[in-house]
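# Examining the three-dimensional arrangement
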Amino acid sequence: MCLMHRKAWPPYLAGIAIGLLQIPTFLLMNTALGASSSFVTVAAHIAAFFDPGIATMKYFASHMYGAKNWWQVAVVVGIAIGAFISMRLSGARRQTISPVWERAMGIRSLGARAPIAFAAGFIMLFGARIAGGCTSGHGISGMAQLSVGSTLAVAAMFAGGILTAMLMKRA
Amino acid sequence: MSLITAVLIGLATGIAFGFALEKSRVFEPGIIVGQMQLRSFIMLKVFLAAVITGLVVLAVLNGIFGVPLQLKPLLLRADIVGGLILGAGIALAGACPGTSMAQLGAGYKDAWFIVLGAIFGAMAYGYFYEPIIALLPEKGDKISFDQLLGLPFWMVALALAAALVVFLVVLERFTPWQDEIGADVDGLAPLPAESPKRMDGTTAARRA
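Let us look at the structure shown here.

Conventions used here
Residues numbered from 1 in each chain as written. Chains lettered and ligands numbered in written order. Predicted model: local features only at pLDDT ≥ 70, side-chain atom pairs only at ≥ 80, totals over all residues. Helix = DSSP H or I, 4+ residues; strand = E, 2+ residues; numbered from the N terminus. Rg over C-alpha atoms; globule rule 2.2 N^0.38 Å. Buried ≥ 20, exposed ≤ 12 C-beta atoms within 10 Å, placed from the backbone. Contact = placed C-beta atoms within 7 Å. Nonpolar A, V, L, I, M, F, W, Y, C, P; charged D, E, K, R; others polar. Axes fitted to C-alpha atoms, helices over the stretch in contact; angles between N-to-C directions. Parallel < 35°, antiparallel > 145°, perpendicular 65-115°, else oblique. Left-handed = near helix turned anticlockwise from the far one by under 90°. Arc of directions from axis to C-beta.

In this section: the overall build of chain B. Assigned secondary structure in chain B consists of 10 helices and zero strands. In summary, chain B has a C-alpha radius of gyration of 22 Å against a globular reference of 17 Å for 208 residues, an excess of more than 25%. Once the C-alpha set of chain B is aligned to its principal axes, its extents read approximately 75 × 45 × 40 Å. Sorting the 208 residues of chain B into buried and exposed places 52% on the buried side. When contacts within chain B are restricted to residue pairs at least 6 apart in sequence, long-range pairs at least 24 apart make up 62% of them.

This is the structure:
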């Protein structure tokens, strides 16, 4: 079967493909792979709809304009597109929610899962912005650059994830 | 660089990224929760493979071509506090910011709520920026391990890459990825078999 039509690649192949994306990112964009900043960009523009004072707020303003900010938004949108294409090529259709939630949290429906997913997303990005990066920015990029701060953030990330997962039923 | 060019480069990068995330199944909540429950190590394998590749890529780009690195500052408390909170969110979401978008593309409906929550989380951070940095007041330098060792970046990067390769070879031997991928490639093992029936037709009590 053609590689593109397989349902699952070895993790190493996928990891290498992802790592190679640093080449165009560093050479063309003068930055490293990242994902969480794009959520600030989108959030700022949504907030600007209701709050004209947004552009005067330093943190939001620095994320609202320019090639680098919109590049990352495009990356993150691209991720959704790429995953969709890959899924269609292999036929690995997903259910409404993953069966893991029934095992880990006793949740079977989207209605029950939705508020938890929302809160989880909120916590996730809030933490990411405190740390100034996520598994892409600090993990894949920061550790590849031997950054001490990023290594610390990734260690804390795993610690937080593991401790939280212990509170869930073993899936 | 023009905005259009940046967006096109970003889309191409993202599509490749999302494709790899889907093929590796690392976007699956079952895989991510499995990693955090230390039941499955596919997330670690994808992650370290990407780090190893990045180390080698940057050893070449920075070491031979002088391409500058993009280090983030070391902010002790922010890195630890932020990382812990982020990790908690990842476990509850079964996703990180990037993989939540892959979940969306692959068809999980709860991913829409994760992404929505994430946008509001980012918005909340922006609104509370001043008090938060007042709580965690830090100025950070961009410190890297090669600086601390007083060695060239490419040298330490390649050494770490080699060490991580050895680690992955051993890890794969202990727990092959194909054993962890799950029948529906969602990282979930089948549930224990139904309670056995006794010879007289009665059913043994189901194990807890």
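Each helix and strand counted, chain A has nine helices and zero strands in total. When the helices and strands of chain A are listed from N to C terminus, the series reads α-α-α-α-α-α-α-α-α. Reported as C-alpha extents along the three principal axes, the dimensions of chain A are approximately 45 × 40 × 35 Å. With 171 residues in all, chain A has 58% of them scored as buried.

A word on the interface of chain A and chain B. On the side of chain B, 114 residues touch chain A, which itself brings 117 residues to the contact. Per-element tally for the side of chain A that touches chain B: the top contributor is helix α7 (residues 110-131) of chain A, with 19 residues. In terms of residue class, the side of chain A that touches chain B is built from 81 nonpolar, 29 polar and seven charged.

This next bit is on the environment of Leu188(B). Mapped onto the elements, Leu188(B) comes out in the segment after α10 (177-180). With 170 residues separating them along the chain, Leu188(B) and Gly18(B) place their C-alpha atoms 21 Å apart. Not counting residues up to four positions away in its chain, the partners in contact with Leu188(B) are Pro99(A), Val100(A), Ala171(A), Gly30(B) and Gly182(B).

Inspection of the secondary structure assignment puts Ala17(A) in helix α1 (residues 11-20). Apart from the residues within four sequence positions on either side, Ala17(A) is in contact with Ala16(B) and Ala20(B).

Moving on to the environment of Ala14(A). Relative to the helices and strands, Ala14(A) is located in helix α1. Residue classification places Ala14(A) among the buried residues on the basis of 25 C-beta atoms within 10 Å. For the pair formed by Ala14(A) and Ala120(A), sequence separation is 106 residues and the distance between their alpha carbons is 26 Å. Beyond its immediate chain neighbours, meaning those up to four positions away, Ala14(A) contacts Trp9(A), Ala20(B), Lys23(B), Ser24(B), Val26(B) and Val46(B).

What follows is about unusual backbone geometry. Even without a glycine there, the phi angle at Leu146(A) is positive, about 60°. Relative to the assigned elements, Leu146(A) resides in the loop between α8 (135-142) and α9 (148-166). Looking at Leu146(A), the number of C-beta atoms within 10 Å reads 23, which means it is buried. A positive phi angle, close to 70°, is found at Arg25(B), a residue other than glycine.

With that out of the way, let us pick up the packing of α8(A) against α9(A). Residues and elements named next belong to chain A. One way to put it is that α8 packs onto α9 with a least axis distance of 9 Å and a crossing angle of 120°. Our classification of the angle between α8 and α9 gives oblique. When you trace α8 past α9, the crossing you get is left-handed. Along the contact surface, α8 presents Thr135, His138, Gly139 and Gly142, while α9 presents Ser150, Ala153, Val154 and Met157.

Buried within helix α2 (residues 22-29) of chain A we find Gln22(A), Thr25(A), Phe26(A) and Met29(A). Taken down its axis, α2(A) places every buried residue within 110° of arc, on the same side. Structurally, α2(A) contributes buried residues whose contacts are with α1 and α5 (67-90) of chain A together with α1 (3-24) and α3 (42-63) of chain B.

Function cannot be read off these values alone, since they describe shape.
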